Amino acid sequence: MKLTPQLKNAFKTVCFTETPLDQINKLAVEDFPRRIRLQPYGLVFWRENMIEVGTNPAIYLNAEGTTLREYLLSEFDRQFKGVDALHKLRRNEQYYKEIVHYYSLVNIMHEKHDFSWEREWRHSGDFKFKYSNIVAVVAKHPDEFLKRCESELPDKSIKFIRRIPIICSSWSYEDVVEEMAIKIWNKNA
């Protein structure tokens, strides 16, 4: 679908995964066929905090054997075709933001497109957070990550980052739990 820049902007979304921490390395597998190449870096947030700010699980709908895909695409086209329709929807629809939010959550699964295993969550619009919202940092090389932070960030930020668990995407479950337990225990002690 050809979307105007204004319409594309309305659908900006931040994506997250609820993948278990000891499995995140599977998201960045190099030979996995995807358009966007993921890297083994990220931020970890508490699920409850994500829900509080309006983050939702992505909706994966199975369209195999149905006309569901065609129906949703025709509804989308009807509601958002062209900039004028976007302005009209904004003026005439009380739940304009909710409609945009809904469509930004939907994925139609088909034979070559099924990423439901990623356990994706989405936040419509900008996702703002403070250092204190970060539970852990995922880095390919935790020690190198910390050294780079120490050389590039202000002391106030470094003090906080040193208290956050920095975990590696290829660590075992036990390694992840140990690092998180040590840092979270020390942070709360």
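The structure presented is a predicted model; accordingly, all values stated were derived computationally and were not measured. (Residues numbered from 1 in each chain as written. Predicted model: local features only at pLDDT ≥ 70, side-chain atom pairs only at ≥ 80, totals over all residues. Heavy atoms only, no water.)

**Student:** Quick question: what am I supposed to make of the packing of helix H3 (residues 68-80) against helix H5 (residues 96-105) here?
**Tutor:** Each pair of packed helices gets described by two things: the angle between the helix axes and the distance between those axes. At a minimum axis distance of 12 Å, the contact between H3 and H5 shows a crossing angle of 145°. Along this stretch, H3 crosses H5, giving a crossing that reads as left-handed. Of the residues in H5, those in contact with Leu 72, Glu 75, Phe 76, Gln 79 and Phe 80 of H3 are Ile 99, Val 100, Tyr 102 and Tyr 103. Counted by class, the contact of H3 with H5 contains seven nonpolar, one polar and one charged residues. (Axes fitted to C-alpha atoms, helices over the stretch in contact; angles between N-to-C directions. Helix = DSSP H or I, 4+ residues; strand = E, 2+ residues; numbered from the N terminus. Left-handed = near helix turned anticlockwise from the far one by under 90°. Contact = heavy atoms within 4.5 Å. Nonpolar A, V, L, I, M, F, W, Y, C, P; charged D, E, K, R; others polar.)

**Student:** Mind showing me how you'd approach the sheet that holds strand S6 (residues 120-124) here?
**Tutor:** The strand order across the open sheet formed by three strands is S1-S6-S3, and the pairing between neighbours is antiparallel. Two strands in the sheet have a free side with no partner beyond their single neighbour: strand S1 (13-17) and strand S3 (56-57). Note: S3 against S6, two bridges, orientation antiparallel. Among the inter-strand pairings, Asn 56 is bridged to a residue of S6, identified as Arg 122. (Pairing = 2+ DSSP bridges.)

**Student:** How do you make sense of the sheet that holds strand S2 (residues 42-44) when you look at a structure like this?
**Tutor:** Strands belonging to one sheet form pairs held by backbone hydrogen bonds; the direction of such a pair is parallel or antiparallel. Spatially, S2-S7-S8 is the arrangement adopted by the three strands of the open sheet, whose pairing is mixed. Two strands close off the open sheet at either side, each with one partner strand: S2 and strand S8 (166-167).

**Student:** Could you clarify how one ought to interpret the side chain of Thr 55 in this entry?
**Tutor:** In this fold, Thr 55 is placed in the loop between helix H2 (47-52) and S3. By relative accessible area, Thr 55 is classed as buried at 2%. Here His 123 takes part through its side chain, which lies 3.3 Å from a polar atom of the side chain of Thr 55. Not counting residues within four places of it along the chain, the set of residues in contact with Thr 55 comprises Phe 16, Met 50, Trp 121, Arg 122, His 123 and Phe 127. (Buried < 20%, exposed > 50% of the residue type's maximum accessible area, 1.4 Å probe, protein only. Polar contact = N/O pair within 3.5 Å; in protein donor to acceptor, adjacent residues only side chain to side chain.)

**Student:** What exactly am I supposed to notice about the packing of aromatic side chains here?
**Tutor:** Any pair of aromatic rings gets described here by the distance separating the centres and the angle formed by the planes. For the structure shown, the criterion picks out nine aromatic pairs. Taken together, a centroid distance of 6.1 Å and an interplanar angle of 85° make the contact between Phe 16 and Phe 45 edge-to-face. Pair noted here: Phe 16 is in strand S1 and Phe 45 is in the loop between S2 and H2, with a separation of 29 residues, a long-range link. For Phe 16, a relative accessible area of 17% corresponds to the buried category. Within the aromatic cluster, the residues linked to one another by ring pairs are Phe 11, Phe 76, Tyr 102 and Tyr 103. (Phe/Tyr/Trp six-rings, centres within 6.5 Å; stacked < 30°, edge-to-face > 60°.)

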